Amino acid sequence: MVNLQQLPTLTRTLENFSFVQRHLGIRDKAAAHMLAFLGYGSLDELIDQAIPVKIRQPLDLDLPAAQSEQEALQAFWAIAQKNQVYKNFIGMGYYDCVTPPVIQRNILENPGWYTAYTPYQAEIAQGRLEALLNFQTMIVELTGLEIANASLLDEGTAAAEAMAMSYGLCKKKQANTFFVSELCHPQTIEVIKTRAIPLNIKVAIADHRTFEITDDVFGVLLQYPATDGSIFDYRDFIQKAHGQQAIATVAADLLSLCLLTPPGEMGADIAVGTSQRFGVPLGYGGPHAAYFATKAEYQRQIPGRIVGVSRDSQGQPALRLALQTREQHIRRDKATSNICTAQVLLAVMAAMYGVYHGAEGLKAIAAQVQQQTQILAMGLDKLGFVVNREPIFDTIKVQTTAEQAQAIRQRAEAQGYNFRYFTDGSIGISCDETTVASNIETIWAIFSAAEVPFTQAQLVQNFVLNLPANITRTSDFLTDPVFNRYRSETELLRYIHQLQSKDLSLTTSMIPLGSCTMKLNATAEMMPVTWANFGKIHPFAPRSQTKGYQQMCDQLEHWLAEITGFAGVSLQPNAGSQGEYAGLQVIRQYHIKRGEAHRNICLIPESAHGTNPASAVMCGFKVIPIKCCNSQGDIEIEDLRAKAEKYQDNLAALMVTYPSTHGVFEVGIKDICQIIHDNGGQVYLDGANMNAMVGICRPGDFGADVCHLNLHKTFCIPHGGGGPGVGPIGVAAHLVPYLPKTELEDKADNIGFISAAPYGSASILPISWMYIAMMGAAGLTKATKVAILSANYIAKRLDDHYPVLFKGMNGCVAHECIIDLRDLRKSADVTVEDVAKRLMDYGFHAPTISWPVAGTMMIEPTESESLEELDRFCEAMIAIRNEIRQIERGEMSKEDNPVKNAPHTAESVICGEWTHPYSREVAAYPAPWLKQHKFWATVGRIDNAYGDRNLVCSCVGMEAYGEG
Ligand SMILES: *Cc1c(COP(=O)(O)O)cnc(C)c1O
């Protein structure tokens, strides 16, 4: 970094307004105050005390110099221009569409929506929970099934989840074959193949019209419409599958289901797919919300999050995440999947698209798409080309010779048109919501290479929509009022705003969620996400058109490799859980290639995040837990050594989080890595806590072989209310050959596709690119140090009120701290949950609760919060502690007090008679700042158990629910 002393005054002043200074909440004066409070002379002195020298090397990250917001935006704009926006007719499950501007600006580009956290604190998340309930309702009704989750990561992984669920459900012990129609999208087939291998599932890829379903088949997967556009009536096939007790999954295009018989009505047990074309930009493959729907009888086997209706303390209906006992954070290695972060923001967008258009609008869009496609086919037929014989919706496959195809391709690309070129020489063309008459005419011209003797308008005159009755939808959908109320922009705008205002996001106050790193998501980082040169790119567009994306990905991979100390990086995983899965698969492949395929033991400390054991199981590993001990919550090295030696013949990997989930830098990390290596294993480092290390130490340097990062934590991608995310992995040189491939055709030794798109959620990578570009090496390092300073400051301020559970070297914590609330249960009958709810009354989102230790809170302030905000949070926590002291002293009732009754809604404070022994002011305005700005929880404390016993997961019936 520049030496400030040597610069003229003007530049020095400007330096104070650089992006780095805007990103950091703590200025030098505040830092000095905090350091004095902690008893350190300088920031570096604190860092030297907090982080073991053993793991630190002089680090001078080789990153480009920090740029200002304007400079970075300009430089990035130039990169974006290297992406060429073609008109895409490629299909394969990705379609251009219209994002209604009211949705783009007020959801996708709105921090009120995108900075929210996963809705665990449901009382202050009713807005996005309602939007997700709309999503589930829409999915259930379009697919004709009974229950849907609140999103999965992409269509490919959703299909793989269906395979895993079918396998688990199958009662035939010996059955291990999964049938996949050869007319599924190729990237889905790739993801399935990757996922099947470690589970010893045989994938049979064949034509469903000729495939014989035998006794060893536990499940089948069909694409509807098929990847070449053909629409098949799958009833017979599904019936045959059921005859063999196999579970039938249909990967269905949502828009087509407005016109076609839904999979549920054809007998399917599961439907999966993407909701991308419901208003979410292509974005070179993601992020998009996948969906997963099934029969009610399988509700406990569903992967991912489900929103359900329950009731609050006033008996009113209230939403929350249902059936959490299926999930990785509770069931760990026995969970239904490893999904944690999903695609909430994109599911919200898709749901709003459904709310805005309603059944009528969606049907009109679908009918228009189908009409364009059929007219396109009619014209090509007139021009002498042969197209699909089966009924079609939006896609045709035109038979051409290789020679013809080449000439057509040349003419198409000269026009800026992308088609799909099949290996058999034929050409695929998919229409979408944006296809207009002139596009159809251009395509005819491209194919005929001569004047076309008819126009689109002429063919429309003789057009009759032609769908056989057996595949025509007759059932209603989206009849609920929510899908019929908001047709004008004014109405929708207000609905979006009404929901947004129910949710506490970073626009209200700090969200100090340990392990989740809710830092600033700067506006300049977010802006490129909605540039057309990123949004309108198809994931399978020719590489010659995506040079901007290539450059961004190359640079970002390079920077992340530098930051983590690894040789190679893959950006493909769509979340931390997917990074874990990819990283473990890489390790597995490494063992196999060395002739040690039998290595299948995965050691995981008890304190690990639930995704760790869940991911290990998906890789076919057996999980052996390692104890954590002592006052610092460290891994018990002797237990680790004993287990590593005991299993040395079969040891595959250790999964370790660093700094630990207990918020400390374990001194022994290098020894831990060595023990694993000495016993033939590989070290997987869960890098969710990278925010404590950037610029200070590197996982690659202390012996880890693989590490995933959560770009939606450390690298500024917003949480989106529970997704999207990006979980890239970095690997040491010996593992680079096995990283996920980025070309469908690639046949090398790698682990294949682990996401549906080559670069996963590519369109949000600009956020992390911008962050690193604007921070530079010095800025990133400063951020880490400030994050550690802020965590230590909070730990010390709260220690007298809530003891800090684990401390590392010299009594320091890393970038987060765990406070212990377990004694309050005995002294005042107050639980950690009560305190979390009471924080809402003070205008705060609770820290992470009861993880990794039950009855505790894990607080992570990040570098972006100001001293004023840290103090305000501490004061809220201390004020609550004082309320608890009043209970302890008997001055307040144990049963009827503001902590137990929290959160207090406006209605509960204002309406009806006030009967509590404390005042209404204590209930709702317990701190002075609330008079300036009061955030109200919109429902009272939610009864989770009631909702699970009386499961309702769609809007239908919700209104009646409260009365019951
Ligand atoms: C957040 C987190 C994960 C999982 O990441 P997702 O993106 O939610 O899948 C894994 N491990 C740790 C320690 C985490 O904090």
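Thoughts on the overall build of the protein
Then, number 1: If you tally the helices and strands in the protein, you get 32 helices and 27 strands.
Then, number 2: Relative to a compact globule of 964 residues, whose C-alpha radius of gyration would be 30 Å, the protein shows 28 Å and is just as compact.
Then, number 3: Each principal axis of the C-alpha atoms in the protein carries an extent, and together these give about 85 × 70 × 65 Å.
Then, number 4: Within the span of the protein, comprising 964 residues, buried residues form 64% of the whole.
Then, number 5: Intrachain contacts of the protein at a sequence separation of at least 6 include 77% that bridge at least 24 residues.

Let's talk about the pattern of salt bridges
Then, number 1: Within the structure shown, the criterion is met by 44 salt bridges.
Then, number 2: Salt-bridge contacts for Arg320 lead to Asp948; the nearest nitrogen and oxygen are separated by 2.6 Å. Taken together, the residues Arg320 in strand β10 (residues 317–322) and Asp948 in helix α31 (residues 944–949) connect sequence positions 628 residues apart.
Then, number 3: Classification of Arg320 as buried rests on a relative accessible area of 2%.
Then, number 4: A relative accessible area of 24% places Asp948 in the partly exposed class.
Then, number 5: Among the salt bridges present, the one from Asp871 reaches Arg797, with a minimum N-O distance of 2.7 Å. In this pair, Asp871 sits in helix α28 (residues 867–888) while Arg797 sits in helix α25 (residues 765–799), placing the two residues 74 residues apart along the sequence.
Then, number 6: Members of the salt-bridge network, linked through shared partners, are Glu190, Lys193 and Lys741.

Comments concerning the sheet that holds strand β16 (residues 601–605)
Then, number 1: What the seven strands build is an open sheet, ordered β15-β23-β22-β21-β20-β16-β17; its pairing is mixed. Each edge of the open sheet is held by one strand with a lone partner, namely β15 (568–570) and β17 (622–626). The mean inter-strand angle of the sheet, taken between neighbouring strand axes irrespective of direction, is 25 degrees.
Then, number 2: In this sheet, strand β23 (residues 729–731) lies alongside β15 in antiparallel orientation, the contact comprising three bridges. Bridge pairing links Val569 to Gly730 in β23.
Then, number 3: Docked against the sheet, helix α21 (residues 576–593) engages β20 (651–657), β21 (682–687), β22 (706–709) and β23, running at close to 170 degrees with respect to β21.
Then, number 4: Along the sheet, helix α24 (residues 669–678) makes contact with β16, β20 and β21, crossing β21 at roughly 140 degrees.

Here's the deal with the site of the ligand
Then, number 1: The environment of the ligand is made up of 14 residues, and the closest members are Thr341, Ser515, Gly576, Asp686 and Lys713.
Then, number 2: Here Thr341 contributes a side-chain N or O atom positioned 2.6 Å from an oxygen atom of the ligand.
Then, number 3: The contact in question runs from an oxygen atom of the ligand to an N or O atom on the backbone of Gly576, over 2.7 Å.
Then, number 4: Across the complex, the protein chains shield 99% of the 380 Å² of accessible surface that the ligand would expose by itself.
Then, number 5: Looking at which element gives the most residues to the shell around the ligand, the answer is α21, with three residues.
Then, number 6: Its residues placed into classes, the shell around the ligand shows three nonpolar, eight polar and three charged.

Quick notes on empty space enclosed by the protein
Then, number 1: Counted according to the given criterion, the structure contains six cavities of 30 Å³ or more.
Then, number 2: Estimated volume of the largest cavity: approximately 180 Å³.
Then, number 3: Surrounding the largest cavity, 19 residues form its lining, Leu108, Pro287, Val529, Ser763 and Ile764 being those nearest its centre.
Then, number 4: Broken down by secondary-structure element, the contributors of at least two residues to the lining of the largest cavity are α13 (344–382) and α19 (532–535).
Then, number 5: With three residues, α13 is the single largest residue contributor to the lining of the largest cavity.
Then, number 6: Residues that form the lining of the largest cavity fall into these classes: 15 nonpolar, four polar and no charged.

Quick notes on helix α11 (residues 235–243)
In an α-helix, one turn spans 3.6 residues, which is why side chains three or four residues apart end up on the same side.
Then, number 1: Listed as buried for α11 are Phe237, Ile238 and Ala241. In a view along the axis of α11, the buried residues occupy a sector of 100 degrees, so they form one face of it. Of the residues in α11, the exposed ones pointing more than 90 degrees away from the buried face are Asp236, Gln239, Lys240 and Gly243.
Then, number 2: Tucked into the core, α11 has its buried residues touching β3 (177–181), β5 (217–224) and β6 (247–252).
Then, number 3: Positive backbone phi, at 60 degrees, marks Gln245, one or two positions downstream of α11.

Some remarks on α28
Then, number 1: With 22 residues, α28 ought to run about 32 Å at 1.5 Å a step, and its terminal C-alpha atoms sit 31 Å apart, in line with that.
Then, number 2: Following α28 by one or two positions, Gly890 has its phi on the positive side, about 80 degrees.

Quick word on the environment of Gln572
Then, number 1: Within the secondary structure, Gln572 is located in the loop between β15 and α21.
Then, number 2: Looking at Gln572, the relative accessible area reads 2%, which means it is buried.
Then, number 3: The sequence separation of Gln572 and Asp701 amounts to 129 residues, and the corresponding C-alpha distance is 23 Å.
Then, number 4: Not counting residues within four places of it along the chain, the set of residues in contact with Gln572 comprises Pro740, Lys741, Gly752, Phe753, Ile754, Ser755, Ala757, Pro758, Tyr759 and Gly760.

Looking at the sheet that holds strand β27 (residues 942–943)
Then, number 1: Read across the sheet, three strands follow the order β10-β9-β27 without closing on themselves; strand pairing throughout is antiparallel. Single-partner strands in this sheet number two, and they are β10 and β27.
Then, number 2: Against the sheet, helix α8 (residues 126–143) contacts β9 (306–312), β10 and β27, and its axis sits at roughly 75 degrees relative to β10.

Some thoughts on the packing of aromatic side chains
Then, number 1: For the structure shown, the criterion picks out 35 aromatic pairs.
Then, number 2: Taken together, the ring pairs connect Phe76, Trp77, Tyr284, Trp531, Phe534, Tyr549, Trp559, Tyr759 and Trp769 into an aromatic cluster.
Then, number 3: Over the aromatic face of Phe422 sits the side chain of Lys397, whose NZ or CZ is 4.2 Å from the ring centroid.
Then, number 4: Of note, Lys934 hangs over the ring of Tyr925, and the distance from its end group to the ring centre comes to 5.8 Å.

Things to note about the environment of Tyr486
Then, number 1: Tracing the backbone shows Tyr486 in the loop between α16 (456–461) and α17 (489–500).
Then, number 2: Judged by its relative accessible area of 8%, Tyr486 falls in the buried class.
Then, number 3: Along the primary structure Tyr486 and Gln399 are separated by 87 residues, whereas in three dimensions their C-alpha atoms are 44 Å apart.
Then, number 4: Excluding its chain neighbours within four sequence positions, the residues that come into contact with Tyr486 are Val355, Tyr356, Glu491, Leu492 and Tyr495.

Remarks on the nonpolar core
Then, number 1: Counting residues in hydrophobic clusters, the biggest one holds 255 residues, and the most contacted among them are Leu380, Phe419, Ile429, Phe447, Leu492, Leu603 and Ile772.
Then, number 2: A total of 21 residues in this core trace back to one element, the largest contributor, which is α13.
Then, number 3: In contact with Ile772, other than residues within four places in its own chain, are Leu63, Leu556, Trp559, Leu560, Ile563, Phe715 and Leu780.

A short note on the packing of helix α5 (residues 69–80) against α25
Then, number 1: Across the interface, α5 lies against α25 with an axial gap of 10 Å and an inter-helix angle of 135 degrees. On the basis of the axis angle, α5 is oblique to α25. Handedness of the crossing formed by α5 with α25: right-handed. For the pair α5 and α25, contact is made by Glu69, Ala72, Leu73, Phe76 and Ile79 and by Pro766, Trp769, Met770 and Met774, respectively.

What counts as what
Residues numbered from 1 in each chain as written. Predicted model: local features only at pLDDT ≥ 70, side-chain atom pairs only at ≥ 80, totals over all residues. Heavy atoms only, no water. Helix = DSSP H or I, 4+ residues; strand = E, 2+ residues; numbered from the N terminus. Rg over C-alpha atoms; globule rule 2.2 N^0.38 Å. Buried < 20%, exposed > 50% of the residue type's maximum accessible area, 1.4 Å probe, protein only. Contact = heavy atoms within 4.5 Å. Salt bridge = Lys/Arg side-chain N within 4 Å of Asp/Glu carboxyl O. Pairing = 2+ DSSP bridges. Axes fitted to C-alpha atoms, helices over the stretch in contact; angles between N-to-C directions. Near = heavy atom within 4 Å. Polar contact = N/O pair within 3.5 Å; in protein donor to acceptor, adjacent residues only side chain to side chain. Areas by Shrake-Rupley, 256 points an atom, 1.4 Å probe, with all protein chains shown as cover. Nonpolar A, V, L, I, M, F, W, Y, C, P; charged D, E, K, R; others polar. 1 Å grid on protein atoms, 1.4 Å probe; cavity = no way out; pocket = protein on both sides within 12 Å on 5 of 7 lines; lining within 4 Å. Points joined across faces, edges and corners; volume = space filled by probe spheres on them. Arc of directions from axis to C-beta. Expected span 1.5 Å × (residues − 1). Phe/Tyr/Trp six-rings, centres within 6.5 Å; stacked < 30°, edge-to-face > 60°. Lys NZ or Arg CZ within 6 Å of the ring centre and 35° of its normal. Core = buried A, V, L, I, M, F, W, Y, C linked by side-chain atoms within 4.5 Å. Parallel < 35°, antiparallel > 145°, perpendicular 65-115°, else oblique. Left-handed = near helix turned anticlockwise from the far one by under 90°.

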